[in-house]
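The primary structure of each chain is shown beneath.
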Amino acid sequence: MILDLEVETRSWEEQLALDDASYREQLRYLLERSAFYRAKLAAEGIGSAADAGGLAEIARLPLTEKQEVKATATRENPFGSHLCADPSELVRIYSTSGTTGTPTFVPLTARDLDDWVTGSARSYAASGIALGQRIVSTYTAGPFVAGAALASFERIGLCHVPVGVGQSERLLAAVDLLRPEAVVLTPSYAAHLVDWAAERGFDLAGASVERVLVAGEPGGGEPAFRAVLEAGWGARVTEAMGIGDIGISLWGECEERDGMHLGARGFVHPELIDPDTGGALPLADGAEGELVLTHLRHQAAPLLRFRTRDHVAVRMTPCPCGRTGPRVRCLGRTDDMLIVRGVNLFPSAVRDVVSGFAPRVSGHVRLRPRQPGVTQEPPLPVVVELARGAAADEALAEAIRERLRSVLVVQTRVELVPFGSLTRSEYKSELVEYDAT
Ligand SMILES: [Zn+2]
């Protein structure tokens, strides 16, 4: 289902022309209202929106790092000096799940919130779920931005059944008795539930769920891992992706499952950069790099050229679904990346390679680096969990090691452990566990 047919199928050139006008207006707004961006752009010799030009010149402007925005937050202004709206205009304040100290607050005006829900509804509707169907959600309406995605289900016209985080018993009861067509959860939790249901003799693959919508962490678009989830659920898996500071579920896969479409088109402008140099890369078919996003009509705290830390691969070929514009597949996050003898390695890519050995493995893996930090000396220890009832087998360990070497160009030491040895996550998985010994 294409929710906004006219918007989602307009040519990308036409979209860029519309976005150019929005962007110029957003720059005027920022320079008028944001002390943060006035100072940041002045340092680059840009004193007016006219100096900055249009979208075609956006790469001349500086990138925005999450940390520099956060650094301007004070007790008097907990949002930071890029806040543009009057506090009385704010209708929602989320906080992001920061690992240290005070959370980062994400303020929204009524229009910001509406744009978030509109973009998210387009992204989730792309999966093929349709008006009148039931969807079981596992997100909460808690402090985190993911809660805002819940409103998009009503927008699509779905019947929404919230069960909350970590409620596996309640979730399976809802699947069993309410017979929903869809569930939405993290890929880690989707994997966990496959095992959990099997242990309780619940036939998940035979249940009513036709679509599993995954979001919240990378991995749901990786072919082998996705195949494991699809077999376990007897359902089609599509992924969606957003970033708290910019918007929820900005991107969503359609039924072709060949990268996520930009549901937030018109609200957000995507760019690609080289993560090492910060230099702009063309948004071309097959290109890989870090995703950079710019708000086009945000009011509360708009961000300009924000570094998402998401590494993506770009698809620009026409999609049979009729939606236009770039599609992306997330390869991993910079924050999770390890560098093994000069080679960048995303833990979710290791999981995907290992998942290719299903049904002999469970699909659960853990990387156990021996030194602290990002840079690692080979061989990198990788713990691979066997499938239920499978016995350790040296030839299998060797085959996995060899496949990791040939696909990811990384030397590993593969240790096979019995089914159930690795802890499961009901939210997001930690695929990397630093060896404390
Ligand atoms: Zn499509």
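Above: the structure in question.
Residues numbered from 1 in each chain as written. Predicted model: local features only at pLDDT ≥ 70, side-chain atom pairs only at ≥ 80, totals over all residues. Heavy atoms only, no water.

### Quick notes on the packing of aromatic side chains
Rules: Each pair of aromatic rings taken from Phe, Tyr and Trp, with Trp reduced to its six-membered ring, is defined by centres within 6.5 Å and is described as stacked if the planes are under 30 degrees apart, edge-to-face if over 60, and tilted in the remaining cases. Per the convention used, a helix needs a DSSP run of H or I reaching at least four residues, while a strand needs a run of E reaching at least two, with both numbered from the N terminus. Think of it in three bands: with a 1.4 Å probe and only protein chains considered, a residue is buried below 20% of the maximum accessible area for its type, exposed above 50%, and partly exposed in between. In this scheme, the term charge over a ring applies when either NZ of a lysine or CZ of an arginine sits within 6 Å of the ring centre and within 35 degrees of the ring normal.
For the structure on display, the rule yields four aromatic pairs. Between phenylalanine 79 and phenylalanine 105, the ring centres sit 6.4 Å apart and the planes meet at 70°, which makes this aromatic pair edge-to-face. Of this pair, phenylalanine 79 sits in the loop between helix H5 (66-70) and strand S1 (90-95) while phenylalanine 105 sits in strand S2 (residues 105-109), and the two are 26 residues apart along the sequence. Ring geometry for tyrosine 94 versus tryptophan 116: centroids 6.3 Å apart, planes at 5°, classification stacked. Here tyrosine 94, found in strand S1, pairs with tryptophan 116, found in helix H6 (residues 110-125); they are 22 residues apart in sequence, far enough to count as distant. Like tyrosine 94, the residue tryptophan 116 is buried in the burial classification. A cation over an aromatic ring shows up here: arginine 200 above the ring of tryptophan 196, its NZ or CZ 3.6 Å from the ring centre. Taking the ring centre of phenylalanine 419 as reference, the NZ or CZ of arginine 424 above it sits at 5.3 Å.

### A look at the sheet that holds strand S20 (residues 412-417)
Applicable threshold: Any two strands between which DSSP finds at least two bridges are classified as paired. Only the stretch in contact is used when fitting a helix axis, every axis being a line fitted to C-alpha atoms; angles between N-to-C directions are given from 0 to 180 degrees. Whether two residues are in contact is decided by their heavy atoms, any of which lying within 4.5 Å being enough.
In spatial order, the strands read S17-S19-S20; together these three strands make up an open sheet with mixed pairing. Since the sheet does not close on itself, it has two edges, and those belong to strand S17 (361-367) and S20, each with one partner. Along the sheet, successive strands turn relative to each other by an average axial angle of 25°, direction set aside. Sheet strands touched by helix H11 (residues 347-355): S17 and strand S19 (380-386). Its angle to S17, the strand with the most contacts, is close to 150°. Relative to S20, helix H12 (residues 394-408) is tilted by about 140°, and along the sheet it contacts S17, S19 and S20.

### A few points about H12
Condition: Here the expected span of a helix is defined as 1.5 Å times the quantity of residues minus one. Directions drawn from the helix axis to the C-beta atoms are what define this arc.
When the terminal C-alpha atoms of H12 are compared, their 21 Å separation across 15 residues agrees well with the 21 Å that a helix rising 1.5 Å per residue should span. Of all the residues in H12, the buried ones are Leu396, Ala397, Ile400, Leu404 and Leu408. End-on view of H12: buried residues confined to an arc of 100°, all on one side of the axis. Along H12, exposed side chains directed more than 90 degrees from the buried face belong to Glu394 and Ala395.

### Details of H6
Compared with the 22 Å implied by 1.5 Å per residue over 16 residues, the 22 Å span of H6 between its first and last C-alpha is a close match. Of all 16 residues making up H6, 13 are buried, and the element is well covered by its neighbours.

### Observations concerning the pairing of strand S7 (residues 236-243)
Rules: The path from the first strand over the helix to the second decides the hand: if it runs clockwise while the strands point away from the viewer, the crossover is right-handed.
Of all eight residues in S7, six are buried; the element is thus mostly enclosed. Across four bridges, the pairing between strand S6 (residues 211-214) and S7 is parallel. In the strand pairing of S7, arginine 211 is matched with arginine 236. Note that the unit made of S6, helix H10 (residues 223-233) and S7 has a crossover that is right-handed. Bridge analysis of S7 against strand S8 (residues 247-253) gives three bridges, and the strand direction is antiparallel. The residue bridging isoleucine 243 from the neighbouring strand is glycine 247, located in S8.

### Notes on the coordination of the zinc ion
Stated precisely, the cut-off is as follows: In this listing, donors mean N, O and S atoms no farther than 2.8 Å from the metal, or 3.2 Å for Na, K and Ca; water is missing from the atoms, so a site can look incomplete. Note on geometry labels: four donors, all angles 85 to 135 degrees, give tetrahedral; four donors become square planar and six octahedral when opposite donors are over 155 degrees apart and every other angle is between 65 and 115; remaining cases are irregular.
Protein-derived ligands of the zinc ion are Cys254 (SG), His261 (NE2), Cys319 (SG) and Cys321 (SG), with the metal-ligand distances lying across 2.1 to 2.3 Å. Viewed at the metal, the four donor atoms of the zinc ion are separated by angles of 102 to 117°, and the geometry they form is tetrahedral. One chain supplies every donor to the zinc ion, and in sequence these donors are spaced C-x6-H-x57-C-x1-C. In this pair, histidine 261 is assigned in strand S9 (residues 260-262) and cysteine 321 in the loop between strand S13 (306-315) and strand S14 (327-333), connecting sequence segments 60 residues apart. The buried category is assigned to histidine 261, whose relative accessible area is 4%.

### Quick look at the packing of helix H8 (residues 168-178) against helix H9 (residues 187-199)
Selection rule: An angle below 35 degrees is read as roughly parallel, one above 145 as roughly antiparallel, one from 65 to 115 as roughly perpendicular, and any other as oblique. Under the scheme applied here, ten amino acids are nonpolar (Ala, Val, Leu, Ile, Met, Phe, Trp, Tyr, Cys and Pro), four are charged (Asp, Glu, Lys and Arg), and all others, including Gly, are polar.
At a minimum axis distance of 11 Å, the contact between H8 and H9 shows a crossing angle of 80°. When the axes of H8 and H9 are compared, the pair comes out roughly perpendicular. The segment H8 lies against H9, with Ser168, Glu169, Leu171 and Leu172 engaging Tyr189, His192, Leu193, Trp196 and Ala197. Looking at side-chain class alone, the contact of H8 with H9 contains six nonpolar, two polar and one charged residues.

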